[in-house]
Number of protein chains: 2
Amino acid sequence: MAARTNETETLLTPAEVAEMFRVDPKTVTRWAKAGKLTSIRTLGGHRRYREAEVRALLTAVPAPREAE
Amino acid sequence: MAARTNETETLLTPAEVAEMFRVDPKTVTRWAKAGKLTSIRTLGGHRRYREAEVRALLTAVPAPREAE
DNA sequence: TGCTAGTAGGGTAATTAGGGAT
DNA sequence: CGTGTCCTAATTACCCTACTAG
């Protein structure tokens, strides 16, 4: 599917991302400051995050078979 | 609030899982490393665990019988 | 304009990862 | 073989005040 523009680009607040990762909102801010997360700044200086990127990073290892 | 998390997936910290199992957090880490537990890593490298999976493992033994 | 909740920022304590030894 | 404890380094959580979002 061709990637549609960015009309449906959902932005998440620090609190939303923190809930998804089970961390403190300050930690999410720290990730953005470290360049680990794409942060979109509002005109007032607050950060917003891309839902698609967050969900991609939230992908876990679905129970690996076994390790030696 | 605009965005709503589609999957309200609750994650647990190593200390929480350790408390539920009455083991050391280090042991929980070993379980994750052995692939016995699904681990979701934060961007800082810390592990988070699925509450549903942990609770399923906690109620997985109705004590059938004790012999031998 | 004023209001409430959330966020930024800095600083400090607690938790976690990783390896190693018992 | 699995678990609990030791260590160091890194990450995260909670404290505060001021400003922004809606």
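Conventions used here
Residues numbered from 1 in each chain as written. Chains lettered and ligands numbered in written order. Predicted model: local features only at pLDDT ≥ 70, side-chain atom pairs only at ≥ 80, totals over all residues. Heavy atoms only, no water. UniProt positions renumbered as here; feature names shortened; annotations may be inferred. Helix = DSSP H or I, 4+ residues; strand = E, 2+ residues; numbered from the N terminus. Buried < 20%, exposed > 50% of the residue type's maximum accessible area, 1.4 Å probe, protein only. Contact = heavy atoms within 4.5 Å. Near = heavy atom within 4 Å. Polar contact = N/O pair within 3.5 Å; in protein donor to acceptor, adjacent residues only side chain to side chain. Salt bridge = Lys/Arg side-chain N within 4 Å of Asp/Glu carboxyl O. Pairing = 2+ DSSP bridges.

(A) View of the UniProt feature "domain: HTH merR-type" (unreviewed entry) in chain A. When the UniProt feature table is mapped to this numbering, "domain: HTH merR-type" (unreviewed entry) covers residues 11-58 of chain A. With 50% helix and 19% strand, the stretch residues 11-58 of chain A has end C-alpha atoms that lie 16 Å from each other.

(B) Quick look at helix α2 (residues 25-33) of chain A. Residues and elements named next belong to chain A. Every buried residue belonging to α2 is among Thr-27, Val-28, Thr-29, Trp-31 and Ala-32, and all of these are buried. Buried residues belonging to α2 abut α1 (14-21), β2 (39-41) and β3 (47-50). One or two steps after α2, the chain reaches Gly-35, where phi turns positive at roughly 80 degrees.

(C) Local environment of the protein's contact with DNA strand C. In the neighbourhood of DNA strand C, 17 residues make up the surrounding shell, with Lys26(A), Thr29(A), Ala15(B), Lys26(B) and Arg47(B) lying closest. Across the atoms of DNA strand C situated within 4 Å of the protein, the share located in sugar and phosphate is 67%. Contact between DNA strand C and Ala15(A): a phosphate oxygen at 3.0 Å from a main-chain N or O atom of the residue. A distance of 2.4 Å separates a base oxygen of DNA strand C from a polar side-chain atom of Lys26(B).

(D) Representation of the pattern of salt bridges within the structure. Residues and elements named next belong to chain A. Applying the stated rule across the entire model yields five salt bridges over all chains. With its nearest N and O atoms 3.0 Å apart, the salt bridge here joins Glu-51 to Arg-55. Of this pair, Glu-51 and Arg-55 both sit in helix α3 (residues 51-57), separated by four residues, roughly a single helical turn.

(E) Highlighting the pairing of β3(A). All names here are of chain A. Residues Arg-47 and Tyr-49 point to one face of β3 and are all buried, whereas Arg-48 and Arg-50, pointing to the other face, are not buried. Judged from the two bridges that link them, strand β1 (residues 11-12) and β3 form a sheet pairing that is antiparallel. Considered in β3, the bridge of Leu-11 is made with Arg-50. The pairing of β2 with β3 spans three bridges and is classified as antiparallel. Bridging across to β3, Ser-39 finds its partner in Tyr-49. The hairpin turn running from β2 into β3, its antiparallel successor, is five residues long, and Gly-45 in that turn takes a positive phi close to 105 degrees.

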